[in-house]
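Here is how the chains run, residue by residue.
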Amino acid sequence: MPHVLHPSERERFKLTLNTDGRSHPVENGLAVATLVCGLVAFVAAFFPAAHVISSWIGTLGFGTGLYSQYISVTTPQRSVNIVGLVASFVGAVLGIAHGGFLPHP
């Protein structure tokens with residue numbers, strides 16, 4: 001029991017999406033792509049002139065995120081997916097509210 005109170009070896013912090021010890025390149029790639037699309041759509045939504053970018057990228061990120069959530073394996077992947085999905089949804093909705101999918105003439 002003393003090993004619980006005073007661990008003999010301190011582990012370094014390691015940021016990973018593969019908490020099960022196996023490699024998941026497709027799932028990790030989709031989770032990161034969802035997060036990137038969500039962040040781009042969310043930031044672009046704050047600029048009304050960028051409504052086309054936020055609408056399309058937000059919709060793409062939302063669709064990618066739904067599929068990525070469906071095939072995800074680990075909890076960190078699911079967490080990244082949820083953050084990306086919410087950001088994509090907000091970006092897409094605000095982009096549609098600012099003008100939609102097509103540029104104004």
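The structure this text deals with has already been given above.
Small disclaimer: the values here were computed from a predicted structure and weren't measured. (Residues numbered from 1 in each chain as written. Predicted model: local features only at pLDDT ≥ 70, side-chain atom pairs only at ≥ 80, totals over all residues. Heavy atoms only, no water.)

1. A short note on helix α2 (residues 25–44)
Helical periodicity: at 3.6 residues per turn, an α-helix aligns residues three or four positions apart in one direction. To keep it simple, the criterion reads: Under the scheme used here, helices are H or I runs from DSSP no shorter than 4 residues and strands are E runs no shorter than 2 residues, and both carry numbers assigned from the N terminus. The span expected for a helix works out to 1.5 Å for each residue beyond the first. Here's how the labels work: a residue is buried when its accessible area is under 20% of the maximum for its type, exposed when over 50%, partly exposed in between, all with a 1.4 Å probe on protein chains only. By definition, residues are in contact when any of their heavy atoms lie within 4.5 Å.
When the terminal C-alpha atoms of α2 are compared, their 28 Å separation across 20 residues agrees well with the 28 Å that a helix rising 1.5 Å per residue should span. Listing the buried residues of α2 in full gives Glu27, Asn28, Ala31, Thr34, Cys37, Gly38, Ala41 and Ala44. Each element contacted by the buried residues of α2 is listed here: α3 (51–71) and α4 (75–98).

2. Section: a nonpolar patch on the surface
Spelled out, the test is: Note that patches include only residues with greater than 30% relative accessible area and no salt bridge, and the join distances are 9 Å for like charges and 5 Å for nonpolar side chains (Val, Leu, Ile, Met, Phe, Trp, Tyr). For every accessible area listed, the method is Shrake-Rupley and the probe measures 1.4 Å; residues are considered covered only by the protein chains on display. Salt bridges are identified by distance alone: a Lys or Arg side-chain nitrogen within 4 Å of an Asp or Glu carboxyl oxygen.
A contiguous nonpolar surface patch, about 310 Å² in accessible area, is contributed by Val32, Val36, Val40 and Ile53. The element best represented in the nonpolar patch is α2, accounting for three residues. As for its placement among the helices and strands, Val36 is situated in helix α2. Judged by its relative accessible area of 46%, Val36 falls in the partly exposed class.

3. What about the packing of α3 against α4?
For clarity, the cut-off: Between the N-to-C directions of two axes lies an angle of 0 to 180 degrees, each axis being a line fitted to C-alpha atoms and, for a helix, fitted only over the stretch in contact. To sort the angles, those under 35 degrees are grouped as roughly parallel, those over 145 as roughly antiparallel, those from 65 to 115 as roughly perpendicular, and the leftovers as oblique. Should the near helix be turned anticlockwise from the far one by less than a right angle, the crossing is termed left-handed; should it be turned clockwise, right-handed. Residue polarity is assigned by list, with Asp, Glu, Lys and Arg as charged and Ala, Val, Leu, Ile, Met, Phe, Trp, Tyr, Cys and Pro as nonpolar; anything else, Gly included, falls into the polar class.
Close contact between α3 and α4 brings their axes to 7 Å; oriented N to C, the two are set at 150 degrees. In terms of orientation, α3 and α4 fall into the roughly antiparallel class. In this structure, α3 crosses over α4, and the sense of that crossing is left-handed. Touching His51, Ser54, Ser55, Gly58, Thr59, Gly61, Phe62, Gly65, Leu66, Ser68 and Gln69 of α3 are Arg78, Asn81, Ile82, Leu85, Ser88, Phe89, Gly91, Ala92, Gly95, Ile96 and His98, all from α4. The class makeup of the residues in the contact of α3 with α4 is seven nonpolar, 14 polar and one charged.

4. Quick notes on the side chain of Ser55
Residue position: Ser55 is located in helix α3. Classification of Ser55 as buried rests on a relative accessible area of 0%. Filtering out sequence-adjacent residues up to four positions away, Ser55 remains in contact with Gly91, Ala92, Gly95, Ile96, Gly100 and Phe101.

5. A closer look at the environment of Ile57
The topology assignment puts Ile57 in helix α3. Sequence separation between Ile57 and Gly95 is 38 residues, and the spatial gap between their C-alpha atoms is 9.6 Å. Beyond its immediate chain neighbours, meaning those up to four positions away, Ile57 contacts Cys37, Val40 and Ala41.

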